[in-house]
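Chain residues, written in single-letter form:
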Amino acid sequence: MPVAIDVGQRVLVYNPSHGWTLAYFVTAQQTNDNKLQILTCRLSNCHHKATSQDHYRYPPERVALHDTITNNLNVGTRVLCMPSGDADTSRYIDKPLRGIIAEQPSFNNNQRYLIFADNDSPFYLRSIAIHLLLESLSNYLSKVDLGTKHYIENYILAYPKRRLVNISSKDHINIELNGQWIDAIVSKVECSLIRVFLPLLNKHEWLYRGSLRLQPLFNTLSSYEPPCKRLAINKDIKIDNKCHFLLIPLNQGWKRQIRNDLGTIVYISPCGQMFTDAERLQTYLFQIDSLLNIKQFSFDMNCRVTQKFISPKKSFIQIDDYSYEHEKVPLILVNEYDTTLPKTFEYITDRIPLTSDIIIDKTTIQGCSCLDGCLDTLKCACWKKTYDAIIDSHYYEDLIRELKELFDDDLDNMRLYLYDALSKRNFGYKHGRLLEKIHSGIYECNGKCKCDSRCTNRCVQFGLNTLLQIYNTCEKGWGVRTLYDLPAGTFLSFYAGEILNDEDANRRGVQKNMGDVYFTALDFVASLNPSSRKPRPMMNMNNVNHVENVNINSEIQQHNGNGHTYFEEENIPIEKTKAFLEYQQANYDPGIFVMDAHLKGNVSRFYNHSCSPNVFVQNVFIESWDVRFPWVAFFTATNIKAGTELVWDYSYEVDTVENRVLHCRCGSDECRHRLL
């Protein structure tokens, strides 16, 4: 406990129905996690004995000492402030308030404490009205948002050094309100506080003179990433796309401010516009016809835009661009253990049919007529194509069953309602990110659409735009890590390689110098037609023991280094989806196609497996709606820190391959120890 307390000592306890009430301390105990304490207290009007088990229990934030403080409290101490006519407060207090000590009594503040109240304005108060809370500061900080936590920690560490706005009564000053600067007039200055009048709202407000809500401090004390010179909007400015994509706006004169006091990120345009949310920023970028797009911005407080990963180990080999300019950004390769390189292959950024008889059908594709960047997803034909696939998919039956019953046979109105519901639930891309896998596939805007590159429904087609590094993991062979922080839902890359038919895939799979190490089964068709059958291995097992790289399956079924792709032996339809019926009507070749990255491929061939993945796979359709040939794309599943390996779960089932055991080497706490 933060203070000593005796059995029977008077305390104040908080009950939502009665407020703060007099009670007597009985006992305290630790919770299961050994972090917080539960205090048993007997109310002053309780008829039970002190040893009774019927007394109320309270967390420490709801218990304060009854006696007011007598000793000088440290900055950061948690306190309870009670209304008192003798407290010489800087403003009227009509209810008990919890907060922290922000300034100790001195001659300058008339021997009063400055209190930063929880969810309220700051104020000065004498010790006669201050009670010591039994809650520790660390316990309080564990429950607040990250921005508030950092602000309080930094304030306490820097105290008594503070920078305050030097201002006088009747001065005008701009203060921040809901992301906008509004004019205010200073009506009173009292030590470290000012009271301002807001003509726009016709009300007064007390503010701390060191608050970042005051524009002078906002402009001088804010932490920017990095401090860039403001530039006017100029269409002739050339954007350097070879740097980390989140650095591009900063290099064009934008500022990214970390607002710890509000727990948010503020982007400031070269002309001074402030943005605290992605929705308004996205609209603004389109309205001004900016060369930038919303994918290049992140409002994630945990994303450090400018901090690059630098390995402490010495590199024996470093290649500055392993793609040899095939990618839009350089792809670095390093080996910190020896001088070996990955096996030679041709780096490509496309999917190449091996034979001329493999034809991707592009005749059925349609485009949207949007001119607003497809901001209105309910009017975009491509967005609705994605929504239709979700509505018709067996994966989302539970989600839409009740709505189907509600609308009976009124399918048109039902679909319009579902489009709106799916849009609000963020199915599909949201501000350039994909936060959840769409099992029924995503249909991006394409070459037949009237929208341009700023479209909200274009992502995978732009290819790699993230600075990644291929490196030798020592135990798992080659892997891939990010050089910068990545927000959740960030597109990484798609799987490139040669498209093979069944015959060619089987022939390559048994060749001694080839094998099925880098195979991917393009089995999206099987996912359209639910089956009760278990998958069987596509090829015979070979005695292949490398752990070098990854094999991918568009339904996330593979293992590292041994390339066993799967498909459904027999499909027993439960309810044929619209997409599957279209597939049948097109009279396509029913065979399973495989993409092989052994001889030709890209960075995706190096992603490793983990039982605690931070990456997921998404099927995407771009230049064709031919369900036999989805693009297999990788997205971040969580916020990923710079230097972290990019890994995903192959989702194999143990014992599905006869006479074969494959042990997992991912090393995570949730490791299942076996892949096969």
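This is a predicted model, so every value here is computed, not measured.

The rules behind the values
- Residues numbered from 1 in each chain as written.
- Predicted model: local features only at pLDDT ≥ 70, side-chain atom pairs only at ≥ 80, totals over all residues.
- Heavy atoms only, no water.
- Helix = DSSP H or I, 4+ residues; strand = E, 2+ residues; numbered from the N terminus.
- Buried < 20%, exposed > 50% of the residue type's maximum accessible area, 1.4 Å probe, protein only.
- Polar contact = N/O pair within 3.5 Å; in protein donor to acceptor, adjacent residues only side chain to side chain.
- Salt bridge = Lys/Arg side-chain N within 4 Å of Asp/Glu carboxyl O.
- Phe/Tyr/Trp six-rings, centres within 6.5 Å; stacked < 30°, edge-to-face > 60°.
- Lys NZ or Arg CZ within 6 Å of the ring centre and 35° of its normal.
- Pairing = 2+ DSSP bridges.

Trainee: Please give an account of the side chain of arginine 256 that cites residues and values.
Mentor: Mapping arginine 256 onto the fold places it in strand S15 (residues 255-259). Taking relative accessible area as the criterion, arginine 256 reaches 0% and is therefore assigned buried. Polar contacts involving the side chain of arginine 256 include one to the main-chain carbonyl oxygen of aspartate 300, which spans 3.1 Å. For arginine 256, the side chain forms a polar contact with the main-chain oxygen of cysteine 303, separated by 3.2 Å.

Trainee: Go over the pattern of salt bridges, please, and point to the residues and values.
Mentor: Applying the stated rule across the entire model yields 26 salt bridges. The closest approach of N and O atoms between glutamate 103 and arginine 162, which form a salt bridge, is 2.9 Å. In this pair, glutamate 103 is assigned in strand S7 (residues 97-103) and arginine 162 in the loop between helix H2 (146-158) and strand S11 (172-177), connecting sequence segments 59 residues apart. A salt bridge links glutamate 135 to lysine 143; the shortest N-O distance between them is 3.0 Å. Put simply, Glu61, Arg78, Asp118, Glu135 and Lys143 are held in one network by salt bridges that share partners.

Trainee: How would you summarise the packing of aromatic side chains if you had to cite specific residues and measurements?
Mentor: Scanning the model with the defined rule gives 28 aromatic pairs in all. By the ring-pair criterion, three or more aromatic residues cluster together here, those being Trp254, Tyr267, Phe275, Tyr284, Phe297 and Phe299. In this structure, arginine 98 packs its charged tip against the face of tyrosine 14, placed 5.5 Å from the ring centre. Its end group placed over the ring of phenylalanine 606, arginine 605 keeps NZ or CZ at 5.3 Å from the ring centre.

Trainee: Lay out the sheet that holds strand S16 (residues 264-268) in plain terms, naming residues and giving numbers.
Mentor: Spatial strand order, S15-S16-S17: 3 strands in an open sheet with antiparallel pairing. Two strands in the sheet have a free side with no partner beyond their single neighbour: S15 and strand S17 (274-275). Here 2 bridges tie S16 to S17, and the two strands are oriented antiparallel to one another. Directly across from isoleucine 268, in S17, lies its bridge partner methionine 274.

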